[in-house]
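Single-letter residue listing:
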Amino acid sequence: MGLRDRLEQDRTGQRRDMAQGVAQWRTRLLEEVDLDEMAALDVPQRRARLEKVTDHIISREGPVLSARERAALIRRVVDEALGLGVLEPLLADSGITEIMVNGPDDIYVERGGRVHRIESTFASEEQLYQTIDRIVAQVNRRVDESSPMVDARLPSGERVNVIIPPLSLTGPVLTIRRFPRAFTIDDLVQLGSVDASAGVLLAEFVKARLNVVISGGTGTGKTTMLNALSAFVPAWERVVTIEDSAELRLQQDHVISLESRPPNIEGSGQVTIRDLVRNALRMRPDRIIVGEVRGPETVDMLQAMNTGHEGSMVTVHANSADDAIYRLQTLASMSEVKLPFETIRDQINSAIDVIVHLNRGADGSRRIGEIAVVASRRQEAFKLQAVYRFEPDPLKADRIVRGRIRRSALPENLQRRLFGAGLETPEPFRAGDPPSTFQGAP
Ligand SMILES: Nc1ncnc2c1ncn2[C@@H]1O[C@H](COP(=O)(O)OP(=O)(O)O)[C@@H](O)[C@H]1O
Ligand SMILES: [Mg+2]
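Residues numbered from 1 in each chain as written. Chains lettered and ligands numbered in written order. Predicted model: local features only at pLDDT ≥ 70, side-chain atom pairs only at ≥ 80, totals over all residues. Heavy atoms only, no water.

Asks: Would you mind going over the packing of aromatic side chains with me for this structure?
Replies: Per the stated rule, a full pass over the model turns up one aromatic pair. In this structure, Arg-367 is placed above the aromatic ring of Phe-390, and the distance from its NZ or CZ to the ring centre is 4.3 Å. (Phe/Tyr/Trp six-rings, centres within 6.5 Å; stacked < 30°, edge-to-face > 60°. Lys NZ or Arg CZ within 6 Å of the ring centre and 35° of its normal.)

Asks: I keep staring at the site of ligand 1 and nothing clicks. Help me out?
Replies: Around ligand 1, the surrounding shell holds 17 residues, and the nearest of these are Ser-193, Gly-219, Lys-222, Thr-223 and Thr-224. Here an oxygen atom of ligand 1 and a backbone polar atom of Thr-220 are 3.2 Å apart. Thr-224 has a polar side-chain atom sitting 2.5 Å from an oxygen atom of ligand 1. Considering ligand 1 on its own, with 560 Å² of exposed area, one finds that the protein chains cover 88% of that surface. The biggest single contributor to the shell around ligand 1 is helix α9 (residues 222-230), with three residues. Grouping the constituent residues of the shell around ligand 1 by class yields four nonpolar, nine polar and four charged. (Near = heavy atom within 4 Å. Polar contact = N/O pair within 3.5 Å; in protein donor to acceptor, adjacent residues only side chain to side chain. Areas by Shrake-Rupley, 256 points an atom, 1.4 Å probe, with all protein chains shown as cover. Helix = DSSP H or I, 4+ residues; strand = E, 2+ residues; numbered from the N terminus. Nonpolar A, V, L, I, M, F, W, Y, C, P; charged D, E, K, R; others polar.)

Asks: Any chance you could explain the UniProt feature "domain: Bacterial type II secretion system protein E" (unreviewed entry) in the protein here in plain terms?
Replies: UniProt's entry tags residues 83-362 with the feature "domain: Bacterial type II secretion system protein E" (unreviewed entry), counted in the numbering of this structure. Helix and strand shares over residues 83-362 are 31% and 22% respectively, and the end C-alpha atoms of the span are 35 Å apart. (UniProt positions renumbered as here; feature names shortened; annotations may be inferred.)

Asks: Whenever I open this one, the environment of Arg-75 confuses me. Can you help?
Replies: Positionally, Arg-75 belongs in helix α4 (residues 67-82). Setting aside chain neighbours within four positions, we find Arg-75 in contact with Arg-47 and Pro-89. (Contact = heavy atoms within 4.5 Å.)

Asks: Sorry, what's going on with the sheet that holds strand β4 (residues 149-153) here?
Replies: Consider a sheet: its strands pair through backbone hydrogen bonds, and that pairing is either parallel or antiparallel. One open sheet accounts for six strands, arranged β3-β2-β1-β6-β5-β4; its pairing is antiparallel. A single partner strand is all that each edge strand has here, and the edge strands are β3 (114-118) and β4. Taken pair by pair, the neighbouring strands of this sheet meet at an average axis angle of 20°, ignoring direction. Two elements, strand β2 (residues 107-111) and β3, share five bridges in a ladder whose sense is antiparallel. Bridge pairing in β3 places Glu-110 opposite Val-115. (Pairing = 2+ DSSP bridges. Axes fitted to C-alpha atoms, helices over the stretch in contact; angles between N-to-C directions.)

Asks: Explain the pattern of salt bridges here, please?
Replies: Where charged atoms from two side chains of opposite charge come close, those side chains can pair. The final tally for this structure, using the stated rule, is 32 salt bridges. A salt bridge links Arg-117 to Asp-106; the shortest N-O distance between them is 2.7 Å. With Arg-117 in strand β3 and Asp-106 in the loop between β1 (96-102) and β2, this residue pair connects regions lying eleven residues apart in the sequence. Arg-117 gets classed as partly exposed once you look at its relative accessible area, which sits at 37%. The class of Asp-106 is partly exposed, set by a relative accessible area of 23%. (Salt bridge = Lys/Arg side-chain N within 4 Å of Asp/Glu carboxyl O. Buried < 20%, exposed > 50% of the residue type's maximum accessible area, 1.4 Å probe, protein only.)

Asks: Is there a simple way to explain the packing of helix α12 (residues 321-332) against helix α13 (residues 341-351) in this structure?
Replies: Packed helix pairs are specified by the crossing angle of their axes together with the interaxial distance, meaning the distance between the axes. Running from N to C, α12 and α13 cross one another at 130°; their axes reach a closest spacing of 10 Å. In terms of orientation, α12 and α13 fall into the oblique class. Considering how the two elements wind past one another, α12 and α13 form a crossing that is right-handed. Each of Ile-325, Leu-328, Gln-329 and Ala-332 in α12 lies in contact with α13, whose residues at this interface are Phe-341, Ile-344, Arg-345 and Ile-348. Counted by class, the contact of α12 with α13 contains six nonpolar, one polar and one charged residues. (Parallel < 35°, antiparallel > 145°, perpendicular 65-115°, else oblique. Left-handed = near helix turned anticlockwise from the far one by under 90°.)

Asks: Looking at this model, I keep getting lost on the nonpolar core. Mind explaining?
Replies: Soluble globular proteins: nonpolar side chains tend toward being buried together. If you look at the biggest cluster of nonpolar residues, it comprises 36 residues, and the most contacted ones within it are Phe-205, Ile-368, Ile-371 and Leu-410. Elements with a minimum of two residues in this core: α7 (185-190), α8 (196-207), β7 (212-216), α9, β12 (354-360), β13 (366-374), β14 (383-392) and α14 (412-420). The element that contributes the greatest number of residues to this core is α8, accounting for five residues. Apart from residues lying up to four places away in sequence, Phe-205 is in contact with Leu-210, Val-354, Ile-371, Leu-410 and Leu-418. (Core = buried A, V, L, I, M, F, W, Y, C linked by side-chain atoms within 4.5 Å.)

Asks: What should I look at first to understand the pairing of β1 in this one?
Replies: Each regular strand displays side chains that alternate between the two surfaces of the sheet. Of all seven residues in β1, five are buried, a share of seventy percent or more. Here β1 pairs with β2 via five bridges, running antiparallel. Each bridged residue has a counterpart across the sheet, and for Glu-98 the counterpart in β2 is Glu-110. The hairpin formed by β1 and β2 contains four residues between the paired strands, and Gly-103 there has a positive phi angle of roughly 85°. Sheet topology places β1 next to strand β6 (residues 173-177); five bridges connect them, and they run antiparallel. Opposite Asn-102, over in β6, you have Val-173 as the bridge partner.

Asks: Just checking my understanding: could you explain unusual backbone geometry for this structure?
Replies: Negative phi is the rule for most residues except glycine; trans is the rule for most peptide bonds. Along the chain, Pro-165 connects to Pro-166 via a cis peptide bond; the corresponding omega equals 5°. Structurally, the position occupied by Pro-166 is in the loop between β5 (159-163) and β6. Positive phi, close to 60°, is recorded for Arg-209, a residue that is not glycine. In this structure, Arg-284 takes a positive phi of about 50° despite not being glycine. With respect to the helices and strands, the residue Arg-284 is situated in the loop between α10 (273-280) and β10 (287-290).

Asks: What is the right way to look at the environment of Ile-288 in this model?
Replies: With respect to the helices and strands, Ile-288 occurs in strand β10. Residues Ile-288 and Arg-111 lie 177 residues apart in sequence; the distance between their C-alpha atoms is 33 Å. Look past the residues within four positions of Ile-288 in its chain and what remains in contact with it is Val-240, Ile-242, Ala-280, Leu-281, Met-301, Ala-304, Ser-312 and Met-313.

Asks: Looking at this structure, I do not really get the environment of Arg-178. What am I missing?
Replies: By secondary structure assignment, the location of Arg-178 is in the loop between β6 and α7. Taking the C-alpha atoms as reference, Arg-178 lies 23 Å from Val-240; in sequence the two are 62 residues apart. Every residue in contact with Arg-178, bar those within four places of it in the chain, is listed here: Leu-90, Leu-91, Asp-93, Ser-94, Ile-96, Thr-97, Glu-98 and Glu-158. Among the polar contacts listed, one links the side chain of Arg-178 to the backbone oxygen of Leu-91, at a separation of 2.6 Å.

As structure tokens, then:
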């Protein structure tokens, strides 16, 4: 074995020793504390109490440690006793957007768009399984060979996916997506995700009840954008939100949030996004907001957008704005009612006003790549017209994404709609570069 390998093995060994020490102190701690007394305390009080007891136990029975080592050990023992062990400090760190556990020794986190491996480990595979059990038990599921793949959610809202052997060849794998922070459109402008004039334009689109599709890949910020745009829905409107796992946090009072439900262990009781969209239509909504359309519910959404629920919004997984519109067509054709393509195209052309496409750059930065309006009518082939586009420069050695923004005039009919709603089209979109168009195949 080479020196590098041996050093690596030593470090892994040390981390493991530390982790096993933590498990042992945790057991001691749980012997000492009065669990009944603990139940009456809130979480910060519980933590304070456990820290005190752990401190006593370690002073009495533990090794001599520096103040720093001691504080770190106490913290880890208490984290372990309180819930999800090594994951707790990661969950407490708001800079972390994703936590990925690839077996007990391999934990990665995403911070500021970049993924890196961290030092902490689980004591053993068994401890990782215990943590997984604890997480999935909260949603009344279990993970075992017969159901080796489970989606769950932490009480704090984080989405968790678990996949274990035999499906995973890497051992038990746990992926936690942080409950996304709620950004306002101003925050997104500050972050450089969109420029200020386009921020105003998008807000006006929502106020003027345009139907908006937000598209992008996984983790590009679709839900975040949807949440930010939802802030411009007037307070008096009745909004129904529909999601697979509730992430949106609308600030208005008159909001009803619905969440779909996967089948239970026996395979029954499933409630799909489509079921919820159909139900929502009987709830007298002014607008319907769907977290992500993935299937036949797309047809129902298009119908809703065409029949008095203008101002509705959905997100869709796609690689570009024009990919998004074709994807809506494909999804809509998944309905059991087989609609002719021309009909679907007609519905999309009349329902969708705007597509906001999000990109994630090589440096992890998330931004609006394109705002495109649907310029095709009725059964015409799709035609999108970009009114805003971020064009990245070639990547330099520092791998920071830079580029230029191109804006074009908003088509007349939409400028009129904004005007009709008492809004003024922001200056750069009144007239501009000749519109750049995308023409779809007939
Ligand atoms: N414009 C942005 N700038 C920085 N971080 C962002 C931005 N938009 C989203 N994020 C973060 O990226 C992660 C993924 O965002 P999310 O909206 O859930 O993406 P999606 O819905 O496309 O999967 C979240 O942690 C979120 O806080
Ligand atoms: Mg999302």
